[in-house]
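# Geometric and topological summary
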Amino acid sequence: MSARIQLPAEARRGEIIEVRVLIQHPMETGYRFNDSGTPIPRNVIHTILCAYNGTEVLRAEISSGIAANPYLQFFMVAESSGELLLTWIDDEGVRGTERQSLIVRE
Amino acid sequence: MKALILIALVFCAVPAAAQRRVIPPSDIKSGFEFLGPDLKKLQQDDFANPGTLWVDRGEKLWRAAAGGDGKSCADCHGDARTSMKGVAVSYPKIDERTGKLMSLEARILQSRVERQKAPPLARESEDLLALSAYITSLSRGLPMEANIDGPARRNFELGEAFFFRRRGQLNLACMHCHDANWGRTLFEERISQGHPNAWPAYRLDWQTMGSLERRLRACLSGVRAEILPYGSPEYTDLALYLSWRARGLPIESPGVRR
């Protein structure tokens, strides 16, 4: 499973920037059956966290209503240069991370 | 008498010609044109288009060693951005050594087993889709140009016959939707012309990436016909006919489809 984060390469201090996140995940609902009729166990991402320089900037609790390969878009204020850390956790306990850095100019 | 025969011939010829009616070149439209504005935007957005996740994975796999000799695709073919550019436009294609018509997926599997000495990838597996999506994406924007001369002619004719033959409980041929009724509404969707230029594509119905072959299987299921197993030559023959029919349309893979 992979993920990607899109941030502007640079921002001015105080600027509102758009953050886009795409995570590759099947988001298996638990309501489906395989070809031999046995139910496919539920496995969805339940928590998505974004922390900027250690400070939480977004926490999302999602469930089986979200389509496969979740896409999120949110805004934050650029205050200082640093790194955005994305973490997601699914029902199987798999934890994935992805990082992206941002340069903030005066 | 001569005139009568001529008239009779004309009347005989009309239904056959009508059945083989093809879309005039000026009306050829990619499946993209039949999408809503939201999906058009999604396909064109290289960040949000989920198909690009498979393309990225394919790029990594291209350089990853596999099999007994520990060779990667790149060890023989070099940088795919130059060596594989434009390769996808002419698939399916006759393999010179075996003389068989091969889809890009079949070609990747052949290389993997014979050159890399690696176990074959399963059809529709993430890795096979990733490689074919990556290679096809390197031809993005280039026009499709299937070669139907020489040994491919026979496959082309079989594919064409498949396209026009009625099948399934609904007793429909491909042409009944995609030649005769494209642009009209079926349930809540507009019927496309059935061109293969966006495949492998991310299909919302599947919530994942899939090959053209999987899409053709979905069509067979739609008309309640027998679904042929993966790798059946019928799919490749049909894909050759479809590629010829779509000649000139730019490759869009990874496309986004409903």
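Please read all numbers here as calculations on a predicted model, not as lab measurements. Within each chain, residues carry numbers counting from 1 in the order of the written sequence. Note on labels: chains are lettered from A, ligands numbered from 1, in written order. Residues qualify for local features only when their pLDDT is at least 70, as the model is predicted, and side-chain atom pairs are given and counted only at 80 or more; totals for whole chains, interfaces and linings, by contrast, use all residues. No hydrogens and no water enter the side-chain calculation; it runs on all heavy atoms of the structure.

## Some details on the overall build of chain B
Rules: Runs of E in the DSSP output that reach at least two residues are strands. Runs of H or I that reach at least four are helices, and both are numbered from the N terminus. Note on method: radius of gyration uses C-alpha positions; expected globular size equals 2.2 Å times residues raised to 0.38. Classification of residues uses two cut-offs on accessible area relative to the type maximum, computed with a 1.4 Å probe and protein chains only: under 20% is buried, over 50% is exposed, and between them is partly exposed. Note on contacts: a residue pair qualifies if any of its non-hydrogen atoms lie within 4.5 Å across the two residues. Each accessible area value is a Shrake-Rupley result obtained with a 1.4 Å probe; residue values ignore everything except the protein chains displayed when judging cover. Two residue types count as positive, namely Lys and Arg, and two as negative, namely Asp and Glu; His and chain ends fall outside the count. For this purpose, a charge sits on NZ of Lys, CZ of Arg, CG of Asp or CD of Glu.
Of the regular secondary structure elements, chain B holds 11 helices and 7 strands. Here chain B has a C-alpha radius of gyration of 20 Å; the compact-globule value for 258 residues is 18 Å, and the two agree. In chain B, which comprises 258 residues, the share counted as buried stands at 46%. Of the contacts formed within chain B by residues at least 6 apart in sequence, a portion of 67% connects residues at least 24 apart. Taken as a whole, chain B presents about 13,300 Å² of accessible surface, with 55% of it coming from carbon and sulfur. Taken together, the 37 basic and 30 acidic charged side chains of chain B have centroids lying 4 Å from each other.

## Some details on the confidence of the model for chain B
Inclusion rule: Note: pLDDT gives the predictor's confidence per residue, expressed from 0 to 100.
Averaged over chain B, the pLDDT score is 90; the fraction of residues at 70 or greater is 92%. Within the model, pLDDT remains below 50 along residues 6-19 of chain B, and this stretch shows 2 contacts once partners closer than five positions in the same chain are excluded.

## Focus: the packing of aromatic side chains
Residues and elements named next belong to chain B. Rules: To pair, rings of Phe, Tyr and Trp, with the six-membered ring standing in for Trp, must have centres within 6.5 Å; the planes then decide the type, stacked if under 30 degrees apart, edge-to-face if over 60, and tilted in the middle. Cation placement over rings: the criterion is NZ of Lys or CZ of Arg within 6 Å of the ring centroid and within 35° of the ring normal.
By the definition in use, this model includes 10 aromatic pairs over all chains. Aromatic side chains Phe 163 and Phe 164 sit 5.3 Å apart centroid to centroid with 75° between the ring planes, which places their arrangement in the edge-to-face category. Overall, Phe 163 belongs to the buried group, its relative accessible area being 1%. Against the face of Phe 162 rests Arg 167, its NZ or CZ located 3.6 Å from the ring centre. The ring of Tyr 230 carries the charged tip of Arg 217 above its face, separated from the ring centre by 3.9 Å.

## A word on the sheet that holds strand 6 (residues 208-210) of chain B
Residues and elements named next belong to chain B. Just so we agree on the cut-off: Pairing between two strands requires that DSSP report at least two bridges joining them. Interaxial angle, 0 to 180 degrees, is taken between N-to-C directions of lines fitted to C-alpha atoms, where a helix line uses only the stretch in contact.
With mixed pairing, the 3 strands of this open sheet are ordered in space as 6-5-7. In this open sheet, the two strands that pair with only one neighbour each are strand 6 and strand 7 (255-257). Within this sheet the neighbouring strands show an average axis-to-axis angle of 35°, counted without direction. Summarising the sheet, strand 5 (residues 201-203) and strand 7 pair through 3 bridges and their orientation is parallel. Directly across from Arg 203, in strand 7, lies its bridge partner Arg 257.

## Here's the deal with the side chain of Ser 211 of chain B
All names here are of chain B. Stated formally: Contacts described as polar in this section are N or O atom pairs within 3.5 Å, which, within protein, must combine one atom able to donate a hydrogen with one able to accept it, while residues neighboring in sequence count only if both atoms come from side chains.
Residue position: Ser 211 is located in the loop between strand 6 and helix 10 (212-222). A polar atom in the side chain of Ser 211 sits 2.3 Å from the side chain of Glu 124. If near-sequence neighbours (up to four positions away) are discounted, Ser 211 is found in contact with Glu 105, Glu 124, Leu 129, Trp 199 and Trp 206.

## Regarding the environment of Arg 12 of chain A
Residue and element names in this part refer to chain A. Locating Arg 12 in the fold gives a position in strand 2 (residues 10-12). Note: C-alpha distance between Arg 12 and Glu 79 (67 residues apart in sequence) is 8.2 Å. The residues touching Arg 12, leaving out its near neighbours within four places in the chain, are Ala 78, Val 104 and Arg 105.

## Looking at the interface of chain A and chain B
Keep this limit in mind: Summed over both partners, the accessible area lost on bringing two parts together, with a 1.4 Å probe, is the buried area. We define a salt bridge as a contact between a side-chain nitrogen of Lys or Arg and a carboxyl oxygen of Asp or Glu at a distance within 4 Å. Any residue that is not Ala, Val, Leu, Ile, Met, Phe, Trp, Tyr, Cys, Pro, Asp, Glu, Lys or Arg is counted as polar, Gly included; the first ten are nonpolar and the last four charged.
Taken together, the 12 residues of chain A in the interface contact 13 residues of chain B. Taken together, both faces of the contact between chain A and chain B bury some 1,100 Å²; the carbon and sulfur share is 51%. Inspection of the region where chain A meets chain B yields 2 salt bridges. Its salt-bridge partner being Asp 56 of chain B, residue Arg 4 of chain A comes within 2.7 Å of it at the nearest N-O pair. Counting across the interface, chain A meets chain B through 7 residue pairs in polar contact (both at pLDDT 80 or more). Broken down by secondary-structure element, the contributors of at least two residues to the side of chain A that touches chain B are strand 1 (3-6) and strand 3 (16-23) of chain A. Across the side of chain A that touches chain B, the residue classes tally to 6 nonpolar, 4 polar and 2 charged.

## Describing the side chain of His 25 of chain A
All names here are of chain A. Residue placement: His 25 occurs in the loop between strand 3 and strand 4 (45-52). For His 25, a relative accessible area of 3% puts it in the buried group. Only 3.0 Å separates the side chain of His 25 from the backbone nitrogen of Met 27, close enough to count as a polar contact.

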